[in-house]
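Topology and contacts: notes
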Amino acid sequence: MLKDFYIEDAVKLPEGTEVELLGWVRNKRAHGGLVFIDLRDRTGVIQVAVKRGLVPESSFEKAEEIKQESAVKIRGVVRHDPRAPGGVEIQCRDLEVLGPSLDDFPIKKGVKVKFILDNRHLHIRSPRVAAIMKIRSTLMSSARSWLEEHGFIEVNCPSFITAAVEGGATLFKVDYFGREVYLTQSSQFYQEAAIYSLEKVYSLQPSFRAELSRTRRHLTEFWHLEAEMAYAELEDMMKVVEELFHAMVLGVYETDQRELEILGLKIDPDVAKPPYPRVRYAEALEILQRKGFEIEWGDDFGADEERELSKEFEKPFFVTHWPKEAKAFYHLPDPREPSVCRNADLLTPGGYGEVVGGGQRIHDYEQLLERIREEGLNPEDYKWYLDLRKYGSVPHSGFGLGIERMLWWLLRLPHIRDACLFPRTPARVYP
Ligand code: NSS
């Protein structure tokens, strides 16, 4: 059976229509000859009234005994009743238990955070989590639509790699038939190879970071939306990022009002409307130093710095032209001011920090080789990456956007792990 009728369809039907609903028992209240079941499916919750005498006696007994999260099939009649939550209830005519709950459902009010995380496989049934996951799906599909409409071709890149993209400190080692390889931190280098045939590419797949930082915004595995464009320079890249970012926010605003309501959230898509302010690293540093941060030229910004800085802006904003020493070796030094690079991070307002990192890449062979040596890296490890600069190299730019970071910001989630179906953090690889 392929289900194509949901609670959201039932509530739109006229009084008296007979319906059949499949779902799970979210809650149950018994009042003598009347049992109220809150029936849940992926589109919402509806009250089902099971009245002794109006259903076969065996169905009534099942309703009286039924445990939370049992799967049931309900046959009944639509009743518009202002006293029912949502204004509609189902007057039950028959109830069939498809899959009983064998025990009391362990997720209850008041249980500890650790218990909830250990039981994530059950907790994800909550309408709140379901709403977040639906919005996550919209965010990804809106991104894909926008990119496809703007001529980007999706590529899929490997997860086993042999050399770091974003520095060796956050590489996960893997035993690959006796050889040490790593889990990818970014598909950027493979995308850079792909632009020589496909010109504008994107990928949406997991990246891995062995970051031991137990923060609200670090995962060890996250979904990385990355794009790379032949011929594009820094400003072109920023324009793509702001348009794409806006399209993603707009997608959620237009399709997920019900989910936003479940989360008690209103979002204003105009907050993400381009253009976004651009502030150079040097200016950002000055702002932070004026505010009393002990931070020096070349330092990356930590969570506190990003939070403070974001108070200056109402929209997402770019911090551009980072010093060479603050970022990876592949960033293109600005020909006009070689101590900084032609790169940009996108930071979110409200203190949720960086969601996008990217910029223009070094496309000259000698310059790239020199930067690799300068960073103390072994050119042998980057042989194929260097090769790309040997045959028809062109200026190019790209970026990476963390899907969970964006959700964390958009939905004001308490922790980035709330943006994942099954989060991976230093402390958690189960369930
Ligand atoms: O390290 S980044 O800033 N940049 C790159 O990986 C580039 N190689 C991407 C590119 O140009 N193709 O990561 C990009 C984004 C960053 O802004 C975050 O949104 C996200 O990836 N990110 C993370 N999200 C969650 N947890 C962790 N640990 C994390 N690290 C990066």
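Residues numbered from 1 in each chain as written. Predicted model: local features only at pLDDT ≥ 70, side-chain atom pairs only at ≥ 80, totals over all residues. Heavy atoms only, no water.

**Quick look at the sheet that holds strand S2 (residues 34-41)**
- The sheet built from five strands closes into a barrel, its strands ordered S1-S2-S3-S5-S4 with mixed pairing. Pairs of neighbouring strands in the sheet enclose a mean axial angle of 55°, with direction left out of account.
- Sheet analysis places strand S1 (residues 18-31) next to S2, joined by seven bridges and oriented antiparallel. Bridge pairing links Lys28 to Ile37 in S2. (Pairing = 2+ DSSP bridges. Helix = DSSP H or I, 4+ residues; strand = E, 2+ residues; numbered from the N terminus. Axes fitted to C-alpha atoms, helices over the stretch in contact; angles between N-to-C directions.)

**Things to note about the nonpolar core**
- Membership of the largest hydrophobic core comes to 55 residues, with the highest contact counts inside it found for Leu225, Phe245, Met248, Phe399 and Leu411.
- Of all the secondary structure elements, the ones that give two or more residues to this core are helix H5 (127-149), strand S10 (200-208), strand S11 (221-230), helix H7 (234-255), strand S16 (343-348), strand S17 (353-360), strand S18 (396-402) and helix H13 (403-410).
- A per-element tally of this core places H7 first, with eleven residues.
- Ignoring any residue separated from it by four or fewer positions in sequence, one finds Leu225 in contact with Ala143, Leu147, Tyr202, Ser203, Leu204, Leu244, Met248, Phe399, Gly400, Leu401 and Ile403.
- Val25, Val35, Phe60 and Ile66 belong to the second largest nonpolar core, which has 22 residues in total. (Core = buried A, V, L, I, M, F, W, Y, C linked by side-chain atoms within 4.5 Å. Buried < 20%, exposed > 50% of the residue type's maximum accessible area, 1.4 Å probe, protein only. Contact = heavy atoms within 4.5 Å.)

**Comments concerning the packing of aromatic side chains**
- Applying the stated criterion to the full structure yields 20 aromatic pairs.
- Ring pairing ties together the aromatic residues Phe189, Tyr190, Phe329, Tyr330, Tyr382, Trp384 and Tyr385, which thus form one cluster.
- Here Arg42 stacks its cationic end above the ring of Tyr6, 4.8 Å away from the centre of that ring. (Phe/Tyr/Trp six-rings, centres within 6.5 Å; stacked < 30°, edge-to-face > 60°. Lys NZ or Arg CZ within 6 Å of the ring centre and 35° of its normal.)

**A closer look at the site of the ligand**
- Glu166, Gln188, Glu226, Glu354 and Val355 are the nearest of the 25 residues found near the ligand.
- Within the side chain of Gln188, an N or O atom sits 2.7 Å from a nitrogen atom of the ligand.
- When the free accessible area of the ligand is taken as 630 Å², the share hidden by the protein chains comes to 94%.
- Residue contributions to the shell around the ligand peak at five residues, all from S17.
- In terms of residue class, the shell around the ligand is made up of eight nonpolar, nine polar and eight charged. (Near = heavy atom within 4 Å. Polar contact = N/O pair within 3.5 Å; in protein donor to acceptor, adjacent residues only side chain to side chain. Areas by Shrake-Rupley, 256 points an atom, 1.4 Å probe, with all protein chains shown as cover. Nonpolar A, V, L, I, M, F, W, Y, C, P; charged D, E, K, R; others polar.)

**Describing the sheet that holds strand S8 (residues 173-176)**
- Strand order in the open sheet formed by three strands is S7-S9-S8, and the pairing between neighbours is antiparallel. Because the sheet does not close on itself, it has two edges, and the strands there are strand S7 (160-161) and S8.
- With four bridges joining them, S8 and strand S9 (residues 179-183) adopt antiparallel strand pairing. From the neighbouring strand, Asp175 faces S9, where its bridge partner is Glu180.

**Some thoughts on the confidence of the model for the protein**
- Here the protein shows a mean pLDDT of 97. Residues at 70 or above account for 100%.
- The secondary structure element of the protein with the lowest average pLDDT is helix H10 (residues 303-310), at 94, and the one with the highest is S18, at 99. (pLDDT = per-residue confidence, 0-100.)

**Here we look at the packing of H7 against H13**
- Close contact between H7 and H13 brings their axes to 12 Å; oriented N to C, the two are set at 55°. By the angle between their axes, H7 is oblique relative to H13. By crossing handedness, the relation of H7 to H13 is classed as right-handed. Contacts between H7 and H13 pair Phe245, Met248, Val249 and Val252 from the former with Ile403, Met406, Trp409 and Leu410 from the latter.
- Here the residues of the contact of H7 with H13 sort into eight nonpolar, no polar and no charged. (Parallel < 35°, antiparallel > 145°, perpendicular 65-115°, else oblique. Left-handed = near helix turned anticlockwise from the far one by under 90°.)

**Comments concerning the environment of Glu243**
- Take Glu243: it is sitting in helix H7.
- Overall, Glu243 belongs to the partly exposed group, its relative accessible area being 38%.
- Those residues within four positions of Glu243 in sequence are excluded, and the remaining contacts are Trp146 and Pro274.

**Things to note about the pairing of S18**
- Burial runs high along S18: seven of the seven residues are buried.
- Neither face of S18 is open: one carries His396, Gly398, Gly400 and Gly402, the other Ser397, Phe399 and Leu401, and all of them are buried.
- Here seven bridges tie S11 to S18, and the two strands are oriented antiparallel to one another. Looking at S18, one finds that Met229 is bridged to Ser397.
- Bridging between S17 and S18 involves five bridges; their strand directions are antiparallel. Each residue of the ladder has a partner; that of Gln360, found in S18, is Ser397.

**Brief notes about a nonpolar patch on the surface**
- On the surface, a nonpolar cluster with roughly 380 Å² of combined accessible area is contributed by Phe160, Tyr176 and Phe177.
- Relative to the elements of secondary structure, Phe177 occurs in the loop between S8 and S9.
- A relative accessible area of 78% means that Phe177 is categorised as exposed. (Patch = residues over 30% accessible without salt bridge, like charges linked within 9 Å, V, L, I, M, F, W, Y side chains within 5 Å. Salt bridge = Lys/Arg side-chain N within 4 Å of Asp/Glu carboxyl O.)

**Thoughts on helix H2 (residues 57-65)**
- Restricting attention to buried positions, one finds in H2 the residues Ser59, Phe60 and Ala63. Down the axis of H2, the sector holding all buried residues measures 100°, keeping them to one side. (Arc of directions from axis to C-beta.)

**Some remarks on the packing of helix H9 (residues 281-290) against H10**
- Relative to each other, H9 and H10 sit at 95°, their axes nearing to 10 Å. Judged by the angle between their axes, H9 and H10 are roughly perpendicular. Listed contacts from H10 to Ala284, Ile287 and Leu288 of H9 are Glu305, Glu308 and Leu309.
- In terms of residue class, the contact of H9 with H10 is built from four nonpolar, no polar and two charged.

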